[in-house]
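Report on the structure
In case you want the letters, here they are:
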Amino acid sequence: MGIHIPYVTSKASRSNTSDEVGDADSLGSNNQRESPAKTTKVMLESHEIQRAPASDDEDRIQIKPVNDEDDTSVMITFNQSLSPFIITLTFVASISGFMFGYDTGYISSALISIGTDLDNKVLTYGEKEIVTAATSLGALITSIFAGTAADLFGRKRCLMGSNLMFVIGAILQVSAHMFWQMAVGRLIMGFGVGIGSLIAPLFISEIAPKMIRGRLTVINSLWLTGGQLVAYGCGAGLNHVNNGWRILVGLSLVPTAVQFTCLCFLPDTPRYYVMKGDLHNATEVLKRSYTDTSEEIIERKVEELVTLNQSIPGKNVPERVWNTIKELHTVPSNLRALIIGCGLQAIQQFTGWNSLMYFSGTIFETVGFKNSSAVSIIVSGTNFIFTLVAFFSIDKIGRRTILLIGLPGMTMALVVCSIAFHYLGIKFDGAVAVVVSSGFSSWGIVIIIFIIVFAAFYALGIGTVPWQQSELFPQNVRGIGTSYATATNWAGSLVIASTFLTMLQNITPAGTFAFFAALSCVSTIFCYFCYPELSGLELEEVQTILKDGFNIKASQALAKKRRQQVARVHELKYEATQEIIEDI
Ligand SMILES: O[C@H]1[C@H](O)[C@@H](O)[C@H](O)[C@@H](O)[C@H]1O
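Residues numbered from 1 in each chain as written. Predicted model: local features only at pLDDT ≥ 70, side-chain atom pairs only at ≥ 80, totals over all residues. Heavy atoms only, no water.

1. Details of the pattern of salt bridges
Evaluation of the coordinates by the stated rule reveals 8 salt bridges. Of the charged contacts in the structure, one is a salt bridge between Arg 271 and Glu 206, with a shortest N-O distance of 3.5 Å. With Arg 271 in helix α11 (residues 270-275) and Glu 206 in helix α7 (residues 179-207), this pair connects stretches of sequence that are 65 residues apart. Look at Arg 271 and you get buried, because its relative accessible area is 6%. The class of Glu 206 is buried, set by a relative accessible area of 10%. Taken together, the shared-partner salt bridges connect Asp 151, Arg 155, Glu 206 and Arg 271 into one network. (Salt bridge = Lys/Arg side-chain N within 4 Å of Asp/Glu carboxyl O. Helix = DSSP H or I, 4+ residues; strand = E, 2+ residues; numbered from the N terminus. Buried < 20%, exposed > 50% of the residue type's maximum accessible area, 1.4 Å probe, protein only.)

2. Regarding the packing of aromatic side chains
By the definition in use, this model includes 18 aromatic pairs. Between the aromatic rings of Phe 100 and Trp 467, the centroid separation amounts to 6.0 Å while the plane-to-plane angle is 85 degrees, which identifies the pairing as edge-to-face. Linking Phe 100 in helix α4 (residues 84-113) with Trp 467 in the loop between α19 (442-460) and α20 (475-530), this pair joins segments that are 367 residues apart in sequence. For the residue pair Phe 100 and Trp 467, the accessibility class agrees, reading buried in each case. Aromatic ring contacts, followed pair by pair, group Phe 91, Phe 98, Tyr 102, Tyr 106 and Trp 223 into a single cluster. Directly above the aromatic system of Phe 391 lies the positively charged group of Arg 215, at a separation of 5.2 Å from the ring centroid. Over the aromatic face of Tyr 528 sits the side chain of Arg 400, whose NZ or CZ is 5.3 Å from the ring centroid. (Phe/Tyr/Trp six-rings, centres within 6.5 Å; stacked < 30°, edge-to-face > 60°. Lys NZ or Arg CZ within 6 Å of the ring centre and 35° of its normal.)

3. Details of a nonpolar patch on the surface
The grouping of Val 241, Ile 247, Leu 251, Val 254 and Val 258 at the surface amounts to a nonpolar patch, some 370 Å² of accessible area in total. Those elements giving two or more residues to the nonpolar patch turn out to be α9 (244-251) and α10 (253-265). Positionally, Ile 247 belongs in helix α9. On the basis of relative accessibility, which here comes to 41%, the residue Ile 247 falls in the partly exposed class. (Patch = residues over 30% accessible without salt bridge, like charges linked within 9 Å, V, L, I, M, F, W, Y side chains within 5 Å. Areas by Shrake-Rupley, 256 points an atom, 1.4 Å probe, with all protein chains shown as cover.)

4. With respect to helix α5 (residues 125-153)
Helix length check: α5, at 29 residues, gives a terminal C-alpha distance of 40 Å against a target of 42 Å (1.5 Å per residue), a fit within 8%. Following α5 by one or two positions, Gly 154 has its phi on the positive side, about 105 degrees. (Expected span 1.5 Å × (residues − 1).)

5. Focus: the site of the ligand
Gln 228, Gln 348, Asn 354, Tyr 458 and Gly 463 are the nearest of the 13 residues found near the ligand. The contact in question runs from an oxygen atom of the ligand to an N or O atom on the side chain of Gln 349, over 3.1 Å. Contacts to the ligand include Trp 467, whose side-chain N or O atom sits 2.9 Å from an oxygen atom. Here the ligand, which alone exposes 300 Å², has 99% of that area covered by the protein. Elements with a contribution of two residues or more to the shell around the ligand: α8 (213-238), α15 (332-350) and α16 (353-366). A total of 3 residues in the shell around the ligand trace back to one element, the largest contributor, which is α16. Of the residues contributing to the shell around the ligand, the split by class is 6 nonpolar, 7 polar and no charged. (Near = heavy atom within 4 Å. Polar contact = N/O pair within 3.5 Å; in protein donor to acceptor, adjacent residues only side chain to side chain. Nonpolar A, V, L, I, M, F, W, Y, C, P; charged D, E, K, R; others polar.)

6. Brief notes about the nonpolar core
With 136 residues, the main nonpolar core has Tyr 106, Leu 344 and Val 367 as its most contacted residues. The greatest single-element share of this core, amounting to 17 residues, is contributed by α20. A domain-level breakdown of this core finds at least three residues from each of domain 1 (4-81 + 538-583) and domain 2 (84-280 + 312-530). If we ignore the near neighbours within four places in the chain, the residues touching Leu 344 are Leu 403, Ile 462, Val 465, Pro 466, Cys 527 and Tyr 531. (Core = buried A, V, L, I, M, F, W, Y, C linked by side-chain atoms within 4.5 Å. Domains from an automatic or database assignment. Contact = heavy atoms within 4.5 Å.)

7. Description of the packing of α5 against α20
Two numbers describe how α5 lies on α20: the axes approach to 7 Å, and their chain directions differ by 170 degrees. Here α5 lies roughly antiparallel to α20, going by the angle between them. Its residues placed into classes, the contact of α5 with α20 shows 15 nonpolar, 13 polar and 1 charged. (Axes fitted to C-alpha atoms, helices over the stretch in contact; angles between N-to-C directions. Parallel < 35°, antiparallel > 145°, perpendicular 65-115°, else oblique.)

8. With respect to the packing of α4 against α8
It is the contact of α4 with α8, at a shortest axis distance of 6 Å, that shows an interaxial angle of 35 degrees. Considering the relative orientation of α4 and α8, their crossing is right-handed. (Left-handed = near helix turned anticlockwise from the far one by under 90°.)

9. Observations concerning the state of the cysteines
Under the definition given, this model contains 0 disulfides. In this structure Cys 521 is a free cysteine whose sulfur lies 12 Å from that of Cys 527, the closest cysteine sulfur available. The partly exposed category is assigned to Cys 521, whose relative accessible area is 39%. For the unlinked cysteine Cys 527, the closest cysteine sulfur is that of Cys 530, found at 8.1 Å. (Disulfide = S-S within 2.5 Å.)

10. Comments concerning the environment of Phe 529
Examined against the element boundaries, Phe 529 turns out to sit in helix α20. When the C-alpha positions of Phe 529 and Asn 551 are compared, they lie 9.0 Å apart, and in sequence the two are 22 residues distant.

Shown next as structure tokens:
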């Protein structure tokens, strides 16, 4: 029994699509390789299906293997549902996301419950800023090197190294009685956070089937925002427990231990094995990832990875690193990718979200809410829920669209908060905030509501999209390119964490929120002009889009077309399955 799935040739697809996508198609088809016009056999749900040359244009599946890394991805996608092995790898790698979230989240409650436990005195605003910012500083330092380290030592070993940093950092904090020990513990924990924040999305993007790469990467963000939520929840629960903050820090050892143990039994990514010349392990991992895919396709996939690996120039490691850095800055499409990658990460941080993450307890206490932890849970819960909304919309609605909904929404919410803070009238008496109109205020309610609205728009767009950074860069500069972008994230986080409370004091809360609103507004303009729609695009298409400009219109047309094609593949898959069922 055979079902005919018409074969695609790039020539045919080009002639078919030119009027639909105009510029986009001519951009997308530049470097396409001709698919062999021969009959290929593929397996669908253990039944043999034949791909035959198409006789008429209408029936052709217009998916063309055009990317820089895997001609085989389309075939694999056709044959393969998501395997338990890929799900396991994704979830284990995402524990780093959880650690990122938990470690940046617990500090808000800990700052309140530490009381006089360190140096027998209440922490000043400056000391609070140092303890908070130490983690961002640590993360900044390691994120600069983590991309190169991942290529040298492997993604898995880097993640395991980050686990060790988490353990050392947590032990130092749990046993701290002096402010400086606490700060050093936070710094070392930050080393782990920086490595994990870069490697986890990279790891996931390297093992994910292309068509759902966006979603699987958002799983890491879901764990991240989930980690923040859990930290707030535990923080609220332990608020009145003596030394509760020590338990809060100690709890972070659990996910670290789980990840380390799991990683002992799991492999690295196929791409890393190929880089090391270990083709046997690369093949094994691919086989376990794509259990329904034929050996022939797996072999071709490995060959493609090998070809790509050879395209990185240089005889030895330092030369290759140097050439990669040069290529990142001198190839125009890479430079544009870098501008977008770093730009989005900078926007994510400089629009102020983390000031709420780190200091929401302090802010809500300032506006008169006694149960500040409960409000913080609502805010981080909103962040989590809207990351879930992003998970469902990032591939369907598209990255650019959700960004351009999110940023104006954030601007509006920040403007309202700024106005409300103005009328609430907060003054600083030394380091202590004093609300001018004491008692319960309706402006306080407005602030809480619009901070929640801000959280929703943030999580939907800019909180999630920048972590898709791996797709911006071609394989040969991906490690270093994502390192730059991640380092930008942590540099921004560091600046915000170390200046926010000082800003509140010096330019007032109204001024601080107005400043963030202005940055959100400028960011909307940046994204409107510079961020193309990348959902559903093959990686080489991303490069081609960025070759001679940001090509927004062309990218939108191409993304739309790719979505239609994927829908058509699913339709065909369904029809084929139906036919098999009928035959039985
Ligand atoms: O994407 C994440 C997420 O939005 C977190 O809530 C935030 O704290 C991080 O800084 C950010 O990178």
